[in-house]
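# Examination of the molecular architecture
Each chain, letter by letter, is given below.
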Amino acid sequence: TIIELKYIGKKERNRNIKVGIISELFMYSCIMRDILNGFISKPQFTSNKNEEFLYNNKKQYKQIKAYMLADEYHPLVDNPKVIDVLNDYSKYKFPIKIFFKKATYQLSSNKEVQFR
């Protein structure tokens, strides 16, 4: 599971909500898919145990779930066709499939997160 998290916040002066969440999540999920499919080799030295585990067990992974998570989205990202296009692309590529989803959340006044 890959999560691209964005927080705009209500106090932001510049309410410029960018669409970059699409390309960032797409890039991260494609890199992960290429690792799992063997197109990206294990480096000679890995930096931590999680990275070592990923490369040593990559054949156990069957899919990648890629989530956009933000408190507010740009209107173009809100269009459901965006997720449809990403998922349509993924279902024809390589043995490891990527499934894209989008979720929203709201940070309440008592600092609790509520998902929508």
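Residues numbered from 1 in each chain as written. Predicted model: local features only at pLDDT ≥ 70, side-chain atom pairs only at ≥ 80, totals over all residues. Heavy atoms only, no water.

Looking now at the pattern of salt bridges. Pairing between side chains of opposite charge can happen when their charged atoms approach one another. Applying the stated criterion to the full structure yields five salt bridges. The shortest N-O distance in the salt bridge between Glu52 and Lys42 comes to 2.6 Å. Of this pair, Glu52 sits in helix 2 (residues 49–56) while Lys42 sits in the loop between helix 1 (20–36) and helix 2; the two residues are 10 residues apart in sequence, bridging distant segments of the chain. Taking the relative accessible area as the measure of exposure, Glu52 reaches 27% and is therefore partly exposed. The class of Lys42 is partly exposed, set by a relative accessible area of 37%. Within the structure, one salt-bridge network assembled from shared partners comprises Glu4, Lys6 and Glu24. (Salt bridge = Lys/Arg side-chain N within 4 Å of Asp/Glu carboxyl O. Helix = DSSP H or I, 4+ residues; strand = E, 2+ residues; numbered from the N terminus. Buried < 20%, exposed > 50% of the residue type's maximum accessible area, 1.4 Å probe, protein only.)

Here helix 4 (residues 80–90) has its buried residues at Val82, Ile83, Leu86 and Ser90. Angularly, the buried residues of helix 4 cover 95° about the axis, an arc narrow enough to put them on a single face. Of the residues in helix 4, the exposed ones pointing more than 90 degrees away from the buried face are Pro80, Lys81 and Val85. At the N-terminal end of helix 4, a side-chain oxygen is found 2.9 Å from the backbone nitrogen of Lys81, two or three residues along, and the residue is Asn79. (Arc of directions from axis to C-beta. Polar contact = N/O pair within 3.5 Å; in protein donor to acceptor, adjacent residues only side chain to side chain.)

That is the geometry; function is a separate question.
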